[in-house]
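Reading the structure
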Amino acid sequence: QVQLAESGGGLVQAGGSLRLSCAASGSIFSMNFMGWHRQGPGKQRELVAGISSGGRTNYADSVKGRFTISRDNAKNTVYLQMNSLKVEDTAVYYCKSTDPSGRQSWGQGTQVTVSS
């Protein structure tokens, strides 16, 4: 099973930027699909962005053009660059790994708070 550790969350003003990182260990990282999810106050957890082992990406409509997901297989790390942040982006952001057999692992989450 893969272990995931997110970092990079914090407090930022609307319009600002943050870069989240998720470091993975215990698995063949390069073969896993990696995703960033978030859960805002009173909301369900939702997929924000995903990246396949081959580098194909997908994004929620709400973040397209503002967020970019990337991965560095040499560092076993996936990133989420978040620009033009909005108050509604406030949430706990979670990293998720899915290996080729379908096994899923979640990180502990990192808080992102966007102030107006």
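The structure this text deals with has already been given above.
The following paragraphs examine the structure supplied in this document.

Rules behind the numbers
Residues numbered from 1 in each chain as written. Predicted model: local features only at pLDDT ≥ 70, side-chain atom pairs only at ≥ 80, totals over all residues. Heavy atoms only, no water. Helix = DSSP H or I, 4+ residues; strand = E, 2+ residues; numbered from the N terminus. Rg over C-alpha atoms; globule rule 2.2 N^0.38 Å. Buried < 20%, exposed > 50% of the residue type's maximum accessible area, 1.4 Å probe, protein only. Lys, Arg positive; Asp, Glu negative; His and termini not counted. Charge placed at Lys NZ, Arg CZ, Asp CG, Glu CD. Pairing = 2+ DSSP bridges. Phe/Tyr/Trp six-rings, centres within 6.5 Å; stacked < 30°, edge-to-face > 60°. Lys NZ or Arg CZ within 6 Å of the ring centre and 35° of its normal. Disulfide = S-S within 2.5 Å.

Secondary structure assignment for the chain yields zero helices and 11 strands. Each helix (α) and strand (β) of the chain, taken in turn from the N terminus, gives the series β-β-β-β-β-β-β-β-β-β-β. Radius of gyration (C-alpha) of the chain: 13 Å, near the 13 Å computed for a compact globule of 116 residues. If you line up the chain on its principal axes, its C-alpha atoms span 40 × 25 × 20 Å. Looking at the 116 residues of the chain, the share that counts as buried comes to 44%. Charge separation in the chain, taken as the distance between the mean sites of 12 positive and 7 negative side-chain charges, equals 3 Å.

Taken residue by residue, a regular strand's side chains alternate between the two faces of the sheet. Only one face of strand S7 (residues 67–72) is buried: it carries Phe67, Ile69 and Arg71, and the other face, with Thr68, Ser70 and Asp72, is open. Sheet topology places S7 next to strand S8 (residues 77–82); six bridges connect them, and they run antiparallel. The residue of S8 that forms the bridge with threonine 68 is glutamine 81. Where S7 folds back onto S8 in an antiparallel hairpin, the turn is made up of four residues, including asparagine 76, whose phi is positive at roughly 55 degrees.

Quick look at the packing of aromatic side chains now. A full pass over the atoms with the stated rule returns one aromatic pair. Ring geometry for tyrosine 94 and tryptophan 106: centres 6.3 Å apart, planes at 85 degrees, overall edge-to-face. Highlighted residues: tyrosine 94 in strand S9 (residues 91–98) and tryptophan 106 in strand S10 (residues 104–106), separated in sequence by 12 residues. The exposure class of tyrosine 94 is buried, given its relative accessible area of 14%. Given a relative accessible area of 36%, tryptophan 106 falls into the partly exposed group. For the cation-ring pair, arginine 45 lies above tyrosine 94, with the distance from its terminal atom to the ring centre recorded as 3.7 Å. Geometry around tryptophan 106 places arginine 45 over its ring, the cationic atom sitting 4.6 Å from the centre.

Before going further, it helps to examine unusual backbone geometry. Here the phi dihedral of asparagine 76 falls at roughly 55 degrees; this positive angle occurs in a residue that is not glycine. Along the polypeptide, asparagine 76 turns up in the loop between S7 and S8. Looking at asparagine 76, the relative accessible area reads 25%, which means it is partly exposed. Look at serine 84: it is not a glycine, yet its phi comes out positive at around 50 degrees. Along the chain, the position of serine 84 falls in the loop between S8 and S9. The exposure class of serine 84 is partly exposed, given its relative accessible area of 42%.

Moving on: the state of the cysteines. Each disulfide consists of one covalent bond between the sulfur atoms belonging to two cysteines. This model, assessed by the stated rule, comprises one disulfide. What pairs with cysteine 22 in a disulfide is cysteine 95, and their sulfur atoms sit 2.1 Å apart. The chirality of the disulfide connecting cysteine 22 with cysteine 95 is left-handed, given an S-S dihedral of about -80 degrees. A residue pair is termed long-range when its members are at least 10 positions apart, and cysteine 22 in strand S3 (residues 18–25) and cysteine 95 in strand S9 qualify at 73 residues. An identical accessibility class is assigned to cysteine 22 and cysteine 95; each is buried.

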